[in-house]
Each structure stands twice: as structure tokens, then as C-alpha cells.
Amino acid sequence: MNSNQILEHFKQTDALLEGHFILSSGLHSPNYLQCALALQYPVDAAKFGSAIAEHYTNEKIKTVASPAIGGLTIGYAVAQALNVRFIWAERENGAMTLRRGFSVKENERILVVEDVITTGGSTRECIEALEKHGAKVVGAASIIDRSNGAADVGVPRISLVSLEVPSYKPEDCPLCERGGDAVKPGSRK
Ligand SMILES: [Zn+2]
């Protein structure tokens, strides 16, 4: 899958909307991204999983780990493609933690997978949680990179698509200036 095919799939599944949106941050944007919609069908998730897994066939990955919730579907798909174990980290009292009895071995080679990287925050926290238990995180991957390559998670990182989603303060929004009303995603008809 090349990046155009991936973006086309995102548009067809409404995972990538074009228009004039109010983001949860209150900022306005001509795009809205909801990766979960692109992964609803396991056959689609499997394609993205294989596309990411291809980059790691020679890395002797023992486990794929994802930060919950965003990374769960794609992480599972990558683990399936690599035929390795899948675990996740989730927040407990605000901190990314391994729960549910998940454990890792000393120097276990782990790939961390997310759906979208924006600042890299949750990937970085997931890596820290794994390293605290002695794991060796050998890489991080996402379907979409919204950081324009800038997110530094401390390990080598790949993404299938780099996507710039501009956002504006309402008072500086060029779409508002043109007179259009911004809508909250999901409220459009
Ligand atoms: Zn606006």
C-alpha cells in the first residue's frame, strides 16, 4: 500500500474528513482524523498491519506493544503479521503502565505500535513503561505521522503516511474568515 492508497482508504471510511471542524482542543481545522474508522474491518486492519510489519521482518521482534486505546487494533494486526505476542500499556492514575498480568523479559525485543503519532507522547510513555521492566524497545511505528517527522520517541521510528493537519485558533481561522461555520466532527449530516 502506498500513501495515496492509504489516504484514499481513510477518506472512504470517513477516518479522514475534509471540511471545517472544531477539534477537541477548541482549535479549528480543515481536516479531522479518526483512525479507528479506517480499521473497523479486520481485513483492512490486517493490510495496515502487514505494511508496518514488512519493515521489521529482520528485527527479531518478540513482542508488539501498544499504548491503549488508540494503538490496540493496529498493534494487534502488526503482531499477527509478525506472528508474535501482543500486549498493551494503559493509564493507571495517569501513568502508562503494564497491567493485566502482562510482563516482559530482560532485553526482550519489542516494537511499539500506535495508530497516529502527533507529539509522540503516548508512544514515549509506553516505551518508558516497557523499559522500566527491562525490555529492549527496538523501534516505534504508526500508520499516520502528524508531526511531519518531528516527533522524537527516543528509538528509530517509521510511519506509513506523513500527514499535515493544520489547525488554527478560531480568531485566526481562514475558513471562518471565508464565512463558513465550523462543526464538531460527528455532527455533520
Ligand atoms: Zn474556523
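Data block above holds the structure.
Given the structure is predicted, the values throughout are model-derived calculations rather than measurements.

## Description of helix H3 (residues 72–82)
Then, number 1: Residues Ile 74, Gly 75, Ala 77, Val 78, Ala 79 and Leu 82 constitute the buried set of H3.
Then, number 2: Where H3 terminates, the next one or two residues include Asn 83, which has phi positive at roughly 55°.

## With respect to the sheet that holds strand S4 (residues 85–92)
Then, number 1: With mixed pairing, the 6 strands of this open sheet are ordered in space as S5-S4-S3-S6-S7-S8. The sheet terminates laterally at strand S5 (95–98) and strand S8 (157–162), the two strands that pair on one side only. Ignoring strand direction, the axes of neighbouring strands in this sheet form an average angle of 25°.
Then, number 2: Packed on one face of the sheet, helix H1 (residues 3–12) meets strand S7 (136–145) and S8 and runs near 65° to S8.
Then, number 3: Helix H4 (residues 121–132) contacts strand S3 (63–67), S4, S5, strand S6 (109–117) and S7 of the sheet and is inclined by roughly 160° relative to S6.

## Observations concerning the packing of aromatic side chains
Then, number 1: Counted according to the given criterion, the structure contains 5 aromatic pairs.
Then, number 2: Between Trp 88 and Phe 102, the aromatic rings sit 5.1 Å apart at their centres with planes inclined by 75°, giving edge-to-face as the arrangement. Here Phe 102 lies in the loop between S5 and S6 and Trp 88 lies in strand S4, a separation of 14 residues in the sequence.
Then, number 3: With relative accessibility at 22%, the residue Trp 88 sits in the partly exposed group.
Then, number 4: Owing to a relative accessible area of 23%, Phe 102 belongs among the partly exposed residues under this scheme.
Then, number 5: Each member of the aromatic cluster is reached from another via a ring pair, and the members are Tyr 76, Phe 86, Trp 88 and Phe 102.

## Details of unusual backbone geometry
Then, number 1: Of the consecutive residues Ala 68 and Ile 69, the connecting peptide bond is found in the cis state with omega at 0°.
Then, number 2: With respect to the helices and strands, the residue Ile 69 is situated in the loop between S3 and H3.
Then, number 3: Although it is not a glycine, Lys 60 sits at a positive phi angle of roughly 50°.
Then, number 4: Within the fold, Lys 60 resides in the loop between helix H2 (42–53) and S3.
Then, number 5: Not every positive phi belongs to a glycine, and Asn 107 is a case in point at roughly 65°.

Rules used throughout
- Residues numbered from 1 in each chain as written.
- Predicted model: local features only at pLDDT ≥ 70, side-chain atom pairs only at ≥ 80, totals over all residues.
- Heavy atoms only, no water.
- Buried < 20%, exposed > 50% of the residue type's maximum accessible area, 1.4 Å probe, protein only.
- Helix = DSSP H or I, 4+ residues; strand = E, 2+ residues; numbered from the N terminus.
- Pairing = 2+ DSSP bridges.
- Axes fitted to C-alpha atoms, helices over the stretch in contact; angles between N-to-C directions.
- Contact = heavy atoms within 4.5 Å.
- Phe/Tyr/Trp six-rings, centres within 6.5 Å; stacked < 30°, edge-to-face > 60°.

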